[in-house]
Amino acid sequence: MRVFIAAIGRMKKGSEQDLVSRFQDRVIKTGKAIGITALESVEITESRASTSEVRKNEEECALLEKLPEKCVLITFDERGKRPTSREFSAILQSVIDAGTQNIALIIGGPDGLSPTLRQKADHIISFGSLTIPHQLVRILVIEQLYRAITIRTNHPYHRD
């Protein structure tokens, strides 16, 4: 299964990018044990449209254009469910068990996600009601992906 981390906005060089790279390396190495064959980052430039709704719609189109046609979509949105790390790991495992070829973990831009993209999502996950910059959300997403893999492989990284 190929995993895509798709985000609106670019990750700038620096400590945040270093942390993302570190977890990407870990996911690539440990993910093979549960069937993850590739990890790809998709970055979409923020829309410069004049209204929030138009920006979100333009960003949705740009995101979906860069992803495979058949893809399980997991979006991160403050209105989503708040699973535990074990529950997120179970979601990932169910996607793998279903024989899914591609999964996309989608992070919106400053305006969030379009309503139609949220409707297309197979799962909507929230890290809480706080507003979090997309660079930090990207770190949280890649770390939780790594954590989900370690839970599935009985690695001691995750502790209850």
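Look up a bit, the structure's there.
The notes below deal with the structure included here. Computed from a predicted model, the values in this text were never measured in an experiment. (Residues numbered from 1 in each chain as written. Predicted model: local features only at pLDDT ≥ 70, side-chain atom pairs only at ≥ 80, totals over all residues. Heavy atoms only, no water.)

Within the protein one finds five helices and five strands. A compact globule built from 160 residues would reach a C-alpha radius of gyration of about 15 Å, and the protein, at 15 Å, matches this within 12%. By principal-axis analysis of the C-alpha atoms, the protein measures approximately 50 × 35 × 25 Å. Evaluated residue by residue, the protein yields a buried proportion of 49% over its 160 residues. (Helix = DSSP H or I, 4+ residues; strand = E, 2+ residues; numbered from the N terminus. Rg over C-alpha atoms; globule rule 2.2 N^0.38 Å. Buried < 20%, exposed > 50% of the residue type's maximum accessible area, 1.4 Å probe, protein only.)

When two helices pack together, you describe them by how their axes are tilted relative to each other and by the distance separating the axes. Interaxial distance between helix H1 (residues 15–31) and helix H5 (residues 134–152) falls to 9 Å at its minimum, and their mutual angle equals 25 degrees. Comparing the axis directions of H1 and H5 gives the class roughly parallel. Relative to H5, H1 is oriented so that their crossing is left-handed. Here Glu 16, Leu 19, Val 20, Phe 23, Gln 24, Arg 26, Val 27, Thr 30 and Gly 31 of H1 come into contact with H5, specifically with Arg 138, Ile 139, Ile 142, Glu 143, Leu 145, Tyr 146 and Ile 149. Taken together, the residues of the contact of H1 with H5 sort by class into nine nonpolar, three polar and four charged. (Axes fitted to C-alpha atoms, helices over the stretch in contact; angles between N-to-C directions. Parallel < 35°, antiparallel > 145°, perpendicular 65-115°, else oblique. Left-handed = near helix turned anticlockwise from the far one by under 90°. Contact = heavy atoms within 4.5 Å. Nonpolar A, V, L, I, M, F, W, Y, C, P; charged D, E, K, R; others polar.)

Turning next to the pairing of strand S1 (residues 2–8). By the criterion of burial, S1 is predominantly enclosed, with six of the seven residues buried. Sheet topology note: the S1/strand S2 (residues 38–44) ladder contains seven bridges and is parallel. The residue of S2 that forms the bridge with Ile 5 is Ser 41. After leaving S1, the chain enters H1 and then returns to the sheet as S2, a path that is right-handed. (Pairing = 2+ DSSP bridges. Right-handed = clockwise from strand over helix to strand, strands pointing away.)

Bringing the side chain of Arg 138 into the picture now. Along the polypeptide, Arg 138 turns up in helix H5. On the basis of relative accessibility, which here comes to 5%, the residue Arg 138 falls in the buried class. A distance of 3.1 Å separates a polar atom in the side chain of Arg 138 from the backbone oxygen of Gly 9. Sequence-distant contacts of Arg 138, that is, excluding residues within four places in its chain, are made with Ile 5, Ala 7, Gly 9, Arg 10, Met 11, Val 20, Glu 43 and Ile 107. (Polar contact = N/O pair within 3.5 Å; in protein donor to acceptor, adjacent residues only side chain to side chain.)

It is worth spelling out the pairing of strand S3 (residues 72–81) at this point. For a regular strand, side-chain orientation follows a simple rule: the groups alternate between the two sheet faces. Buried residues dominate S3, accounting for seven of its 10 residues. Pairing of S3 with strand S4 (residues 102–107) involves five bridges; the strand directions are parallel. The residue bridging Thr 75 from the neighbouring strand is Ile 106, located in S4. Taken together, S3, helix H3 (residues 85–97) and S4 constitute a β-α-β crossover, and its handedness is right-handed. Sheet topology places S3 next to strand S5 (residues 123–125); four bridges connect them, and they run parallel. The partner of Phe 76 across the bridge, within S5, is Ile 125.

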